[in-house]
Amino acid sequence: MENTNEMMLEFDSRSCNEGFARVAVAAFCTQLNPTLEEVADIKTAVSEAITNAVIHGYENQVRKIRIECRIVGQDLYVTVIDHGKGIPDVRKAMEPLYTTKPELDRSGMGFAFMEAFMDEIAVASQPGEGTEVHMKKRIGCGSRPFA
């Protein structure tokens, strides 16, 4: 039987909770004995997904964001879910430098960072209903866990 574990977290869509969310996901993945670089990658990707939900999904309204984490073997799956305004064109939104909020000095690199720091990313979104960002990272590739 494969080693699995799950965690779910729901919190208000306030910018101040972004740090809490990234640390919670990082703490959850420590059971896989990740390197510091792997932890930093995960924290960065989670930060970007949370920031997108706060700024773009909810446009700074206070609603709920949910993070679901699952470990299967050495794979960490992270899903960030909002029930905000959704993304009309996911492909366009995932293009580097594309932003709908240039007045807020948004770089348009959120999805590019998520793709760079995680092994897989998929985005499902319905305008008016919300967005789910699914990310996967294999932990321990090329490094041996401590016994």
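Scroll up a little and you will see the structure.
Because the structure is a prediction, the values reported are computed rather than measured. (Residues numbered from 1 in each chain as written. Predicted model: local features only at pLDDT ≥ 70, side-chain atom pairs only at ≥ 80, totals over all residues. Heavy atoms only, no water.)

## Here we look at the packing of helix α1 (residues 17-29) against helix α2 (residues 36-57)
This is how it is decided: With axes taken as lines fitted to C-alpha atoms, and helix axes fitted only over the stretch in contact, angles between N-to-C directions fall between 0 and 180 degrees. Helix numbering and strand numbering both begin at the N terminus, where a helix is a DSSP run of H or I of at least 4 residues and a strand a DSSP run of E of at least 2. Left-handed describes a crossing whose near helix is turned anticlockwise from the far helix by less than a right angle; the clockwise case is right-handed. We call two residues in contact when some of their heavy atoms are within 4.5 Å.
One can describe the packing of α1 onto α2 by two numbers: an axis separation of 9 Å at closest approach and a directional angle of 145°. As for the relative orientation of α1 and α2, their crossing is right-handed in sense. Mapping the contact onto sequence places E18, A21, R22, V25, A26 and C29 in α1 and V39, I42, K43, T44, V46, S47, I50 and T51 in α2.

## What to know about the nonpolar core
Most often, soluble globular proteins keep nonpolar side chains buried together rather than apart. Our working definition: Throughout, nonpolar core names a set of buried Ala, Val, Leu, Ile, Met, Phe, Trp, Tyr and Cys residues whose side chains join them through atoms within 4.5 Å. Relative accessible area decides the class of each residue, using a 1.4 Å probe on protein chains only: under 20% of the type maximum gives buried, over 50% gives exposed, and in between gives partly exposed.
With 39 residues, the main nonpolar core has I50, I67, L76, V78, F111 and M135 as its most contacted residues. Here the element with the most residues in this core is α2; it accounts for nine residues.

## Brief notes about the layout of surface pockets
This is how the line gets drawn: The way it works is a 1 Å grid over only the protein atoms, where trapped points that fit a 1.4 Å probe form a cavity and open points with protein on both sides within 12 Å along at least five of seven lines form a pocket, and then any residue with an atom within 4 Å of a point lines it. Grid points are joined across faces, edges and corners, and a volume is the space filled by probe spheres set on the points. All residues other than Ala, Val, Leu, Ile, Met, Phe, Trp, Tyr, Cys, Pro, Asp, Glu, Lys and Arg, Gly among them, are scored as polar; the first ten of these are nonpolar and the last four charged.
Each pocket or cavity is described by its volume, and for the largest pocket that value is around 540 Å³. Residue lining of the largest pocket: 30 residues in total, with N52, H56, I87, A93 and F111 positioned closest to the centre. Counting residues per element, the ones that place at least two in the lining of the largest pocket are α2, β3 (75-82), α3 (90-93), α4 (110-117) and β5 (130-138). With eight residues, the single largest contributor to the lining of the largest pocket is α2. Considered class by class, the residues forming the lining of the largest pocket number 12 nonpolar, 12 polar and six charged.

## Notes on the packing of α2 against α4
What counts is decided by this rule: Any angle from 65 to 115 degrees is called roughly perpendicular, while one under 35 is roughly parallel, one over 145 is roughly antiparallel, and all others are oblique.
Interaxial distance between α2 and α4 falls to 9 Å at its minimum, and their mutual angle equals 155°. Between α2 and α4, the angle is such that the two are roughly antiparallel. In terms of crossing hand, the pair formed by α2 and α4 is left-handed. Only G110, F111, F113, M114 and F117 of α4 make contact with α2, whose side of the interface consists of D41, T44, A45, E48, A49 and N52. Here the residues of the contact of α2 with α4 sort into six nonpolar, three polar and two charged.

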